[in-house]
Structure formats: structure tokens, C-alpha cells
Number of protein chains: 2
Amino acid sequence: MNWEEISGSVCPIARTLAVVGDRWTLLILRELAMGNSRFDEIQAQTGMSSFLLSTRLKRLEHDGVVERRQYTDRPPRFEYFATDKGKEFDAILLSMRDWGVRWTPYNEGQPLPLAVVVRATGEAVEPGQRLPAGAFPFRFDECVTAISPAFAHERDLRRDAFFDARRHPRGVDA
Amino acid sequence: MNWEEISGSVCPIARTLAVVGDRWTLLILRELAMGNSRFDEIQAQTGMSSFLLSTRLKRLEHDGVVERRQYTDRPPRFEYFATDKGKEFDAILLSMRDWGVRWTPYNEGQPLPLAVVVRATGEAVEPGQRLPAGAFPFRFDECVTAISPAFAHERDLRRDAFFDARRHPRGVDA
């Protein structure tokens, strides 16, 4: 059995995995959910090679999960956004957040890396609690989010490391 | 950045992916959630090579997601079960079911491959609806499930194909 066959399974979990069942793909969707839309910024935060990121984005575009919009002509450059199909995947990311907070503890007592509040109702979306009625179906773009200092710092470090490495390729101008 | 680094991220989604972010791993967890506990039966339903399945199960055991119990001495044979950590992953499988039903349609109008009802309350757990209060936190082992004829048939076909191929390896006794 291969993933082409699995995409034709009666089981909706198997069909979902055939579309997005790859760690890198899920990290890309996390970045899009956080409003990160630029190729190199996504690369910086995921640590993917540009070949791998490009391959995964093309596949997601083909599957209707991601859309690409051109934002400059010369050179042609694109931004990437989740479609409705991609945005509704946020519910899966959120359930991963819940599980991760509970089962892969990290810096307990620190604030959540991303505080999430339903924009329309002001309800907090807390791990370990049932989704507020106003947050269903869950989409990050219907929420207000606030990144924690620790997560912002981790992301800044990644970003700096990525763009530094690009400006100063190892062995070229050491 | 590699997955060792990602497992140390502040982000609980990234940490979750570092444990289970592999399609095969998620299919294994689906099988355990369905009560399939035998190595070769899991292999039959996932189509994994025995090497790959064995590697993934060892990793899940190491991460505390799966436990192994011996059920015969000679030869030594084991069954595999989700731990609490693994069982609480069911919430993620359920959110994948929701997304798959909605965005990867298949035989619309047919019954769901797995009907799920909370044992304690009799509430149905339906895709596209907020989780019933009695189903939170979600675990399949707190539900009664009924497999649809189409999904049962698909699984029977897979099982037959797997065990037939094992009894009659191609080219050996054609």
C-alpha cells in the first residue's frame, strides 16, 4: 500500500494524512496560521531547505490547501496563504497544541507561546479545556493571538541565524 | 534545524510533531485506537514493511506513547497498546477525521466509517460539530464505536491481501 492508495481509503483520517501527513507540511501550516507568508521567512522558521519547502508548497497548492499571490513583478515574488481548506486545518494544529502542552512539558509555569482569544466573544482558547462554543469551527484567523516573549525570542534567534547564514555563507567570507 | 532541535522548541505543536509527526506513526496510532494490537495485523492495515513498523513502534515505546505486552512465551510475541499519552492523542485523530470528512469527500451520503458514541452519556461524536461535553478530553476507549460495512470491507480486503501474500510469496510457489 502506498499513499496514493491511502488517499482513496474510506477512512477520513487516512485521507487527511495523504494530504498533510508530513511533519514539514504541518510546520508550514503552523507558519501560515501565524501569518508568516514569505518563502524565506517560512524557511527561516522551519529550517527546511528551499527545495523541500518549494516542493511541499507546490503540493499544498495542488491540493487546494495553500494559495500563492504575487506581490512584486520584478523579480516575480509570491506570498503564500492558507485557503479555507488550509485554515480549517487549524483545528488539528490546536489539538496538537493541547497534546503538546500536556505530554511534552516545557518550561512549566511559563506563559503559553501563543495566547489565543476568540475575537468575536473574547473567550480564551485554553489547552486542556473544551473549545468555547464561539471558537467552533476553530480558525486562528477568527482569533486574536499574542506571542509569548520566549517564543518571540526563539523565533528571532532562528530568523537571525537564517539570514546571517545567507549573508555569510560558511567558507566564503569567513 | 533538525527534529532533535525542534523537540526542544517552546512551541507545543513543534514538540508534538517531533514525537508523532510522521504519517506512518499516525496510522499506527489509528490502528491502536481501533483496538488492533498485533504486529502483523497492524502491518496488514498500514501496509508498512516490518522493518519500518518495528522501528516506529520502538520509537513510540521509547517516547512513552506505546507499551508492549508479551502474550506468548514460545515464541515470544507481543501486543501493542497505547499508553495514556497515546490514548490522549485520539483527540488529534478525531480532528483529522473532521477535516477529512469535510475536505476530502468520499462516497458522500454513505455512513461514516466509524460511528462514535460516548459510552457514559450516549452522545454521538459527529464531525462538524463541537465535541459533546461528555467526550472531553476525547479518547476512543471511552466511546462505543461501530465500523461501517464499507470500512470493514476495505479492512478485510487489506487483511486478506497481506496474509495471502505472506502465504504465497510471489515467484516462490506460483
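Model, not experiment: these values are computed from the prediction.

(A) Inspection of the overall build of chain A at higher detail. On a plain count of helices and strands, chain A comes out with 8 helices and 4 strands. The N-to-C order of helical and strand elements in chain A reads α-α-α-α-α-β-β-α-α-β-β-α. With respect to the principal axes defined by its C-alpha atoms, chain A has extents near 55 × 45 × 35 Å. When burial is assessed residue by residue, chain A has 45% of its 174 residues classed as buried. A separation of at least 24 residues holds for 53% of the contacts in chain A among residues at least 6 apart in sequence.

(B) Structural view of the state of the cysteines. The final tally for this structure, using the stated rule, is 0 disulfides over all chains. Not engaged in a disulfide, the cysteine Cys 143 of chain A finds its nearest cysteine sulfur in Cys 11 of chain B; these two sulfurs lie 15 Å apart. Judged by its relative accessible area of 6%, Cys 143 of chain A is buried.

(C) The relation of the copies chain B and chain A, seen in detail. Each copy superposes on the other: chain B lies on chain A with an RMSD of 0.0 Å after a rotation of 180° and an axial shift of 0.0 Å. Classification of the inter-copy transformation places it as that of a two-fold axis. A shared binding surface is used by both copies, with 98% of the interface residues of chain B retained as interface residues in chain A.

(D) A look at the interface of chain B and chain A. Contacts between chain B and chain A engage 56 residues on the former and 56 residues on the latter. The largest contributions to the chain B side of the interface with chain A come from Arg 23, Trp 99 and Arg 130 of chain B, which together make up 16% of the buried area. Taken together, the connections running from chain B to chain A amount to 2 salt bridges. At the boundary of chain B with chain A, the tally comes to 25 residue pairs in polar contact (both at pLDDT 80 or more). Counting residues per element, the ones that place at least two in the side of chain B that touches chain A are helix H1 (3-6), helix H2 (12-20), helix H3 (23-33), helix H4 (39-46), helix H6 (84-87), helix H7 (90-103) and helix H8 (149-167) of chain B. The greatest single-element share of the side of chain B that touches chain A, amounting to 11 residues, is contributed by H7 of chain B. For the side of chain B that touches chain A, the per-class residue count stands at 32 nonpolar, 12 polar and 12 charged.

The rules behind the values
- Residues numbered from 1 in each chain as written.
- Chains lettered and ligands numbered in written order.
- Predicted model: local features only at pLDDT ≥ 70, side-chain atom pairs only at ≥ 80, totals over all residues.
- Heavy atoms only, no water.
- Helix = DSSP H or I, 4+ residues; strand = E, 2+ residues; numbered from the N terminus.
- Buried < 20%, exposed > 50% of the residue type's maximum accessible area, 1.4 Å probe, protein only.
- Contact = heavy atoms within 4.5 Å.
- Disulfide = S-S within 2.5 Å.
- Least-squares fit on C-alpha atoms with pLDDT ≥ 70 in both.
- Buried area = accessible area lost by both parts, 1.4 Å probe.
- Salt bridge = Lys/Arg side-chain N within 4 Å of Asp/Glu carboxyl O.
- Polar contact = N/O pair within 3.5 Å; in protein donor to acceptor, adjacent residues only side chain to side chain.
- Nonpolar A, V, L, I, M, F, W, Y, C, P; charged D, E, K, R; others polar.

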